[in-house]
Amino acid sequence: MNTDDNTCHICGNSLTAEVATCNNCERPFHLRQREDSEGADCGEVWISEQHLSLEFACNACLGKSPDLTQKHEPPVHRQH
């Protein structure tokens, strides 16, 4: 799957106004700016106590979901 600057690399949908950039892979992903807003969260944000700044990470870098831009081999069956 090809993605561009207008597509979330986690879910593959078009980006909305609520977008963040991953501090690890530097790609855009959906992230709601407020808890009461509707939409997807394809990553997380937290406060870095060391740097006293916000840290942003997409779900792929957090190991929570696959990166749709990467080709993955299907899992090997146990009896393989």
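What you see is a predicted model, and the numbers here were worked out from it, not measured in a lab. Numbering of residues starts from 1 in every chain and runs along the sequence as written. It should be noted that, the model being predicted, local features are given only for residues of pLDDT at least 70 and side-chain atom pairs only at 80 or more, the latter also being counted only at that level, while totals for whole chains, interfaces and linings use all residues. No hydrogens and no water enter the side-chain calculation; it runs on all heavy atoms of the structure.

A. Seen up close, the overall build of the protein chain. When helices and strands are tallied, the protein chain shows zero helices and four strands. By residue count, 25% of the 80 residues in the protein chain fall in the buried class. Partitioning the intrachain contacts of the protein chain with sequence separation of at least 6 by distance along the chain shows that 31% fall at a separation of at least 24. When the accessible area of the protein chain is evaluated, it comes to approximately 6200 Å², of which 46% is carbon and sulfur surface. Per the convention used, a helix needs a DSSP run of H or I reaching at least four residues, while a strand needs a run of E reaching at least two, with both numbered from the N terminus. Burial classification: accessible surface area is computed with a 1.4 Å probe over protein chains only, and a residue below 20% of its type maximum counts as buried, one above 50% as exposed, and the rest as partly exposed. Note on definitions: a residue-residue contact is assigned when non-hydrogen atoms from the two residues lie within 4.5 Å. Each accessible area is a Shrake-Rupley result for a 1.4 Å probe, and residues are judged covered by the shown protein chains and nothing else.

B. Broad picture of the environment of N24. With respect to the helices and strands, N24 occurs in the loop between β1 (19–21) and β2 (28–30). Excluding anything up to four places from it in sequence, N24 contacts F56 and C61.

C. Up close: the pattern of salt bridges. One side-chain nitrogen of Lys or Arg within 4 Å of one carboxyl oxygen of Asp or Glu is enough to make a salt bridge. Following the criterion strictly, the structure yields three salt bridges and no others. D36 is paired through a salt bridge with R34; the nearest N and O atoms lie 2.5 Å apart. Like D36, the residue R34 is exposed in the burial classification.

D. Local environment of the side chain of S48. Looking at the secondary structure, you find S48 in strand β3 (residues 43–48). Of the polar contacts made by the side chain of S48, one reaches the backbone nitrogen of H51; its length is 3.1 Å. Contact partners of S48, with chain neighbours within four places excluded, come to S53 and E55. Under this definition, polar contacts are N or O atom pairs within 3.5 Å; protein pairs additionally need one hydrogen-donor-capable and one acceptor-capable atom, and for neighbouring residues in sequence, both atoms have to be side-chain atoms.

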